[in-house]
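This is what each chain is made of:
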Amino acid sequence: MPDQRTVLITGAASGIGLAAAERMLGEGWRVVIADRAERGPGIAARYVRTDVSDEAAVTALIDGIEKEEGRLDGLVCNAGFMIRKPIAELSLAEWSSVLATNLTSTFLLVKAGEALLRAAKGSVVTIASTRAHQSEPDTESYAASKGGLLALTHALAISLGPDIRVNCVSPGWIDTKGEPLRPQDHTQHPVGRVGRPADTAALIAWLLGRESGFVTGSEFVIDGGMTRKMIYEE
Ligand SMILES: NC(=O)c1ccc[n+]([C@@H]2O[C@H](COP(=O)([O-])OP(=O)(O)OC[C@H]3O[C@@H](n4cnc5c(N)ncnc54)[C@H](O)[C@@H]3O)[C@@H](O)[C@H]2O)c1
């Protein structure tokens, strides 16, 4: 097996995944990015244009890693998106597309990558959301996909241990687009600010690394305290 550890991060052409990719490169890992975007982010990672909801594409992706990198120590299942629509207007095709990318892709990736991950005593990190636990209106498909991903995480941890650890990161509001934020966007958070991609990257890096060796099947909420804050309107 080659010496340098390898991590596959999905949806890392931008946002949370990109920050995790940059962090892992900085820690000396080989990084493979799989995203459906036309172009990669232009960092020192191998970019594979992939729709992670497509089984054949996922199989080809993992086969490519076996050939090119020769090992797989980490898998970050991060690709995801939201459709926000009243349920009366949400089509079955739209519902299914959200479930396919946000939930089914993790099943496909772990199924295809199991042998390589076992050989490396690897670590899988799924990226769910605080929306697995709480909701705004008109987000049914997204909330269901993230709740399912949280449950899939602990199911996989039990099935694949002790060789493979599987944990879930549930972010709250992470400013990935650099949008202008109002003072109250920050101050409503118990930590006094909105989250940054580097916050999630640090947690993902720890879960991928050896220091988290006693941790599996767990969820890590990273939300500046928002889901611990009791809110009643005055
Ligand atoms: N930003 C937040 O506040 C926040 C909060 C909670 C959870 N999350 C979750 O974090 C993850 C990353 O979100 P982000 O904010 O960085 O979003 P983002 O839109 O910047 O990144 C998501 C990436 O996933 C890719 N993608 C989407 N569907 C794909 C598919 N089928 N195959 C391959 N690639 C696909 C997109 O092209 C994009 O590059 C998502 O799962 C999201 O649900 C984000």
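Residues numbered from 1 in each chain as written. Predicted model: local features only at pLDDT ≥ 70, side-chain atom pairs only at ≥ 80, totals over all residues. Heavy atoms only, no water.

Here's the deal with the overall build of the protein chain
The helix and strand tally for the protein chain stands at six helices and seven strands. Taken from the N to the C terminus, the helices and strands of the protein chain come in the order β-α-β-β-α-β-α-β-α-β-α-α-β. With respect to the three principal axes, the spread of C-alpha positions in the protein chain is 60 × 40 × 35 Å. Burial analysis of the protein chain (234 residues in total) assigns 44% to the buried set. (Helix = DSSP H or I, 4+ residues; strand = E, 2+ residues; numbered from the N terminus. Buried < 20%, exposed > 50% of the residue type's maximum accessible area, 1.4 Å probe, protein only.)

A word on the side chain of Asp73
For Asp73, the position within the fold is in the loop between helix H2 (55-68) and strand E4 (74-77). One polar contact links the side chain of Asp73 to the main-chain amide nitrogen of Thr6, over a distance of 2.8 Å. (Polar contact = N/O pair within 3.5 Å; in protein donor to acceptor, adjacent residues only side chain to side chain.)

Topic: the site of the ligand
Around the ligand, the surrounding shell holds 25 residues, and the nearest of these are Ile16, Asp35, Asn78, Tyr142 and Lys146. Contact between the ligand and Ser14: an oxygen atom at 2.9 Å from a side-chain N or O atom of the residue. In the model, an oxygen atom of the ligand is placed 2.9 Å from a nitrogen or oxygen of the Ile174 main chain. For the ligand, whose unbound accessible area comes to 820 Å², protein coverage reaches 86%. (Near = heavy atom within 4 Å. Areas by Shrake-Rupley, 256 points an atom, 1.4 Å probe, with all protein chains shown as cover.)

Observations concerning empty space enclosed by the protein
Taken as a whole, this structure holds one cavity of 30 Å³ or more when the rule is applied. The computed volume of the largest cavity comes to approximately 40 Å³. Considering each element in turn, the lining of the largest cavity owes the most residues, five residues, to helix H3 (residues 92-120). (1 Å grid on protein atoms, 1.4 Å probe; cavity = no way out; pocket = protein on both sides within 12 Å on 5 of 7 lines; lining within 4 Å. Points joined across faces, edges and corners; volume = space filled by probe spheres on them.)

With respect to helix H6 (residues 197-208)
The end-to-end C-alpha distance of H6 is 16 Å, a good match for the 16 Å that 12 residues give at a rise of 1.5 Å each. All of the buried residues along H6 are Pro197, Thr200, Ala201, Leu203, Ile204, Ala205, Leu207 and Leu208. Here the buried face of H6 lies against strand E1 (6-10), helix H1 (15-26), E4, strand E5 (123-127), strand E6 (165-171) and strand E7 (219-222). (Expected span 1.5 Å × (residues − 1). Contact = heavy atoms within 4.5 Å.)

Structural notes on the pairing of E4
The alternating pattern of E4 places Gly74 and Val76 and Leu75 and Cys77 on opposite faces, both of which are buried. Here E4 pairs with E5 via four bridges, running parallel. Looking at E5, one finds that Val76 is bridged to Val125. Chirality of the crossover, the property in question, places the unit of E4, H3 and E5 among those that are right-handed. (Pairing = 2+ DSSP bridges. Right-handed = clockwise from strand over helix to strand, strands pointing away.)

Structural notes on the sheet that holds strand E2 (residues 30-35)
Strand order across the open sheet formed by seven strands is E3-E2-E1-E4-E5-E6-E7, with parallel pairing between neighbours. Single-partner strands in this sheet number two, and they are strand E3 (46-49) and E7. For this sheet the average axis-to-axis angle between neighbouring strands, irrespective of direction, equals 15°. Bridge count for E5 against E6 is five bridges, and the pairing is parallel. Across the sheet, residue Val125 finds its bridge partner in E6, namely Asn167. Sitting on the sheet, H2 touches E1, E2 and E3, and the angle it makes with E3 is about 155°. (Axes fitted to C-alpha atoms, helices over the stretch in contact; angles between N-to-C directions.)

A closer look at the layout of surface pockets
Approximately 1400 Å³ is the volume attributed to the largest pocket. In terms of lining, the largest pocket is formed by 43 residues, of which the most central are Met82, Arg131, Tyr142, Gly172 and Ile174. Counting only elements with at least two residues in the lining of the largest pocket, the list comes to H1, E2 and helix H4 (140-160). A total of three residues in the lining of the largest pocket trace back to one element, the largest contributor, which is H1. Of the residues contributing to the lining of the largest pocket, the split by class is 14 nonpolar, 17 polar and 12 charged. The computed volume of the second largest pocket comes to approximately 190 Å³. Ala120, Lys121, Gly122, Leu208 and Arg210 are, among the 15 residues lining the second largest pocket, the residues nearest its centre. Looking at side-chain class alone, the lining of the second largest pocket contains four nonpolar, four polar and seven charged residues. (Nonpolar A, V, L, I, M, F, W, Y, C, P; charged D, E, K, R; others polar.)

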